[in-house]
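# Summary of the model geometry
The chain contents come next:
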Amino acid sequence: MNAQDLLPIGEVARRAGVAASALRYYEGEGLITAVRPPSGQRRFPRSVLRRLAFVRAAQNVGLTLDEIRAALATLPEGRTPTKADWARLSQSWRGRLDEQIAGLEALRDGLTSCIGCGCLSLRDCALLNPGDAASAAGAGAGYLPSALRRARRPSGA
């Protein structure tokens, strides 16, 4: 690989619109790779910009980094995702998006008559949680549709 095809971490961060710490995190998670010339500073191939765009788009769909890693693992080693790759992989995410859309619509429609989130154990919601019955199911928004309950991503990622 030509040295001119390698970009420093700051340039990749600027062009991809992510923090340098996120790039280091993504590298640690195996989503992107860098090379280390004798100077020891990370350098990324230009193709990492397309791979990062793929990661960011998949995150916007709601995929976890584990799911993104699995999707990228279906590509030949080191290859940048193409438009055809995106079409193939995103097709498998349609059901998830439809579920999220339905959950958001249910949440929107419930906002006018109640808090819409499962009451978070409010004691006085006569509609969904009379007598704080939801507290027996544990903490959190118990009535929130499962498609809208996601594990939080680490900050910077």
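Our subject is the structure listed above.
Keep in mind the model is a prediction, meaning the values are calculated, not measured. (Residues numbered from 1 in each chain as written. Predicted model: local features only at pLDDT ≥ 70, side-chain atom pairs only at ≥ 80, totals over all residues. Heavy atoms only, no water.)

Counting 27 residues, the largest nonpolar core has Val12, Leu23, Tyr26, Phe44, Ile68 and Trp93 as its most contacted members. Contributions of two or more residues to this core are made by helix H1 (9-16), helix H2 (20-28), helix H3 (48-61) and helix H4 (65-73). Ranked by residues supplied to this core, first place goes to H3 with 7 residues. Among residues more than four places away in sequence, those in contact with Ile68 are Leu31, Phe54, Val55, Ala58, Gln59 and Leu63. (Core = buried A, V, L, I, M, F, W, Y, C linked by side-chain atoms within 4.5 Å. Buried < 20%, exposed > 50% of the residue type's maximum accessible area, 1.4 Å probe, protein only. Helix = DSSP H or I, 4+ residues; strand = E, 2+ residues; numbered from the N terminus. Contact = heavy atoms within 4.5 Å.)

Our next topic: the environment of Arg96. Relative to the assigned elements, Arg96 resides in helix H6 (residues 94-110). Counting along the chain gives 34 residues from Arg96 to Gly62, while the straight-line C-alpha distance between them is 8.6 Å. There is a polar contact of 3.0 Å between the side chain of Arg96 and the side chain of Glu67. (Polar contact = N/O pair within 3.5 Å; in protein donor to acceptor, adjacent residues only side chain to side chain.)

Enumeration over the complete set of coordinates arrives at 4 aromatic pairs. When the centroid spacing of 6.5 Å and the interplanar angle of 55° are considered together, the rings of Tyr25 and Tyr26 count as tilted. Classification of Tyr26 by relative accessible area gives buried; the value is 1%. With centroids separated by 5.2 Å and ring planes inclined at 90°, the aromatic side chains of Phe54 and Trp86 adopt a geometry described as edge-to-face. Here Trp86 lies in helix H5 (residues 83-91) and Phe54 lies in helix H3, a separation of 32 residues in the sequence. Take Trp86: its relative accessible area is 28%, and that puts it in the partly exposed class. Members of the aromatic cluster, joined through ring pairs, are Phe54, Trp86 and Trp93. (Phe/Tyr/Trp six-rings, centres within 6.5 Å; stacked < 30°, edge-to-face > 60°.)

Here we come to the packing of H1 against H2. Axis separation between H1 and H2 bottoms out at 9 Å; the angle between their running directions is 105°. Accordingly, the angle class assigned to the pair H1 and H2 is roughly perpendicular. Only Ala20, Leu23 and Arg24 of H2 make contact with H1, whose side of the interface consists of Ile9, Val12 and Ala13. Classifying every residue of the contact of H1 with H2 by side-chain character gives 5 nonpolar, no polar and 1 charged. (Axes fitted to C-alpha atoms, helices over the stretch in contact; angles between N-to-C directions. Parallel < 35°, antiparallel > 145°, perpendicular 65-115°, else oblique. Nonpolar A, V, L, I, M, F, W, Y, C, P; charged D, E, K, R; others polar.)

Contact pair H3 / H4: the axes reach a minimum separation of 10 Å and the direction vectors enclose 135°. With respect to their mutual orientation, H3 and H4 come out oblique. Crossing of H3 against H4: the hand is right-handed. Contacts between H3 and H4 involve Arg51, Phe54, Val55, Ala58 and Gln59 on the former and, on the latter, Leu65, Ile68, Ala71 and Leu72. (Left-handed = near helix turned anticlockwise from the far one by under 90°.)

Going through the model one piece at a time under the given rule, you end up with 7 salt bridges. Glu11 is the partner of Arg15 in a salt bridge, and the nearest nitrogen-oxygen pair spans 4.0 Å. Taken together, the residues span about one helical turn, with Arg15 and Glu11 both in helix H1 at a distance of 4 residues. A residue is classified by how much of its surface remains accessible, and Arg15, at 42% relative accessible area, is partly exposed. For Glu11, a relative accessible area of 25% translates into the label partly exposed. A salt bridge links Asp85 to Arg88; its shortest N-O distance comes to 3.8 Å. Here Asp85 and its partner Arg88 are both found in helix H5, 3 residues apart, which amounts to about one turn of the helix. Looking at Arg88, the relative accessible area reads 43%, which means it is partly exposed. (Salt bridge = Lys/Arg side-chain N within 4 Å of Asp/Glu carboxyl O.)

Distances and angles like these do not, on their own, reveal function.
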